[in-house]
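Results of the structural survey
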Amino acid sequence: MKEIITIANQKGGVGKSTTAHALGSCLRARGERVLFVDLDPQGNLTYTMEADPSGPTAYELLTRQAELADCIRQTEQGDLIPASAQLAAADMELNSTGKEYRLKEALAAVAEDYDIILIDTPPALGILTINALTASDSLLIPAQADIYSLQGIGQLYSTVQAVRTYCNPNLSIRGILLTRHSARAVLTRDLTEMIGETAAQLGTQVYSTVIRENIAVKEAQARRADLLRYAPKSNAAKDYAAFAEEFTGGQDDE
Ligand SMILES: Nc1ncnc2c1ncn2[C@@H]1O[C@H](COP(=O)(O)OP(=O)(O)O)[C@@H](O)[C@H]1O
Ligand SMILES: [Mg+2]
């Protein structure tokens, strides 16, 4: 295992699932053994990767009703632990001591089988996201370049700090990835400054690659296809390929 990475932002619709899928595809194309974990009860990643929804899911894993090996689906787009709608009850059902560590403990069983584990999270900062952050080496934050998105990152940071204090002192923040950027919207100087300040407060960077808003993303998802194979020449596919390059190239262990 090289790294376990959580993709999180409690705001919905900022490109978490899209980024998890596209980054994982790029890493797989480089020969990395990737395991995707879908912790969002909405199951968008599970749907797009066309995983068989029957059988044990992340819910059974976290509630210790299934072994990890039985939860992994092998799909054409890669190995995935699927989500189920029952995950929505996790905040109520996971209530015993050590509940933050369920995913970390479970993933130890496949430490030798994968190079990278990518965890997609729900738009909330509850026990599912905390399990993801506790299990991870690092956090990647997709965000849209608007004021409300940036304000929300402060709350995410408080959760990161709590996880560092109580569960996982080694959690690092890889960076902020700006997504769904409209080619017509020039980033104002104020907003650019604010993005930089937000990153500085988190002790992290803003990636220089920006993911453009591009209809090919929605088309690929509607067809349950991998964007990079479905529309490799699209702007979003090019941007994600460039991002994967930046993400792996700029890697340091801090
Ligand atoms: N670069 C993009 N261009 C166009 N649509 C996008 C892009 N990234 C994401 N979307 C769309 O925006 C919506 C939210 O993206 P998603 O990845 O599901 O966000 P999240 O997981 O944060 O809720 C989806 O309908 C998705 O198809
Ligand atoms: Mg999502």
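Definitions and cut-offs
- Residues numbered from 1 in each chain as written.
- Chains lettered and ligands numbered in written order.
- Predicted model: local features only at pLDDT ≥ 70, side-chain atom pairs only at ≥ 80, totals over all residues.
- Heavy atoms only, no water.
- 1 Å grid on protein atoms, 1.4 Å probe; cavity = no way out; pocket = protein on both sides within 12 Å on 5 of 7 lines; lining within 4 Å.
- Points joined across faces, edges and corners; volume = space filled by probe spheres on them.
- Helix = DSSP H or I, 4+ residues; strand = E, 2+ residues; numbered from the N terminus.
- Nonpolar A, V, L, I, M, F, W, Y, C, P; charged D, E, K, R; others polar.
- Pairing = 2+ DSSP bridges.
- Axes fitted to C-alpha atoms, helices over the stretch in contact; angles between N-to-C directions.
- Parallel < 35°, antiparallel > 145°, perpendicular 65-115°, else oblique.
- Contact = heavy atoms within 4.5 Å.
- UniProt positions renumbered as here; feature names shortened; annotations may be inferred.

**What about empty space enclosed by the protein?**
For the coordinates displayed, the defined rule picks out one cavity of 30 Å³ or more. In this structure, the largest cavity encloses a volume near 70 Å³. Taken together, Thr18, His21, Ala22, Thr48, Val217, Ala220, Gln221, Ala225, Asp226 and Leu227 make up the full set of residues lining the largest cavity. Listing elements by their share of the lining of the largest cavity, those giving two or more residues are helix 1 (16-29) and helix 10 (215-222). Residues of the lining of the largest cavity, tallied by class, amount to five nonpolar, four polar and one charged.

**Some remarks on the sheet that holds strand 6 (residues 138-143)**
Read from one edge to the other, the open sheet built from seven strands follows the order 3-4-2-5-1-6-7, with strand pairing classed as mixed. Each end of this open sheet is capped by a strand with a single partner; those strands are strand 3 (73-75) and strand 7 (172-178). Looking at each pair of strands side by side, their axes are set apart by 25 degrees on average, direction ignored. Across six bridges, the pairing between strand 6 and strand 7 is parallel. Opposite Ser138, over in strand 7, you have Ser172 as the bridge partner.

**So, the packing of helix 1 against helix 12 (residues 235-249)**
Viewed as axis vectors pointing N to C, helix 1 and helix 12 meet at an angle of 70 degrees, and their least axial separation amounts to 9 Å. Accordingly, the angle class assigned to the pair helix 1 and helix 12 is roughly perpendicular. Contact residues: Thr18, Thr19, Ala22, Leu23, Cys26 and Leu27 in helix 1; Tyr240, Ala241, Phe243, Ala244, Phe247 and Thr248 in helix 12. For the contact of helix 1 with helix 12, the per-class residue count stands at nine nonpolar, three polar and no charged.

**A closer look at the UniProt feature "domain: AAA" (unreviewed entry) in the protein chain**
When the UniProt feature table is mapped to this numbering, "domain: AAA" (unreviewed entry) covers residues 3-173. Helix makes up 39% of residues 3-173 and strand 18%, with an end-to-end C-alpha separation of 13 Å.

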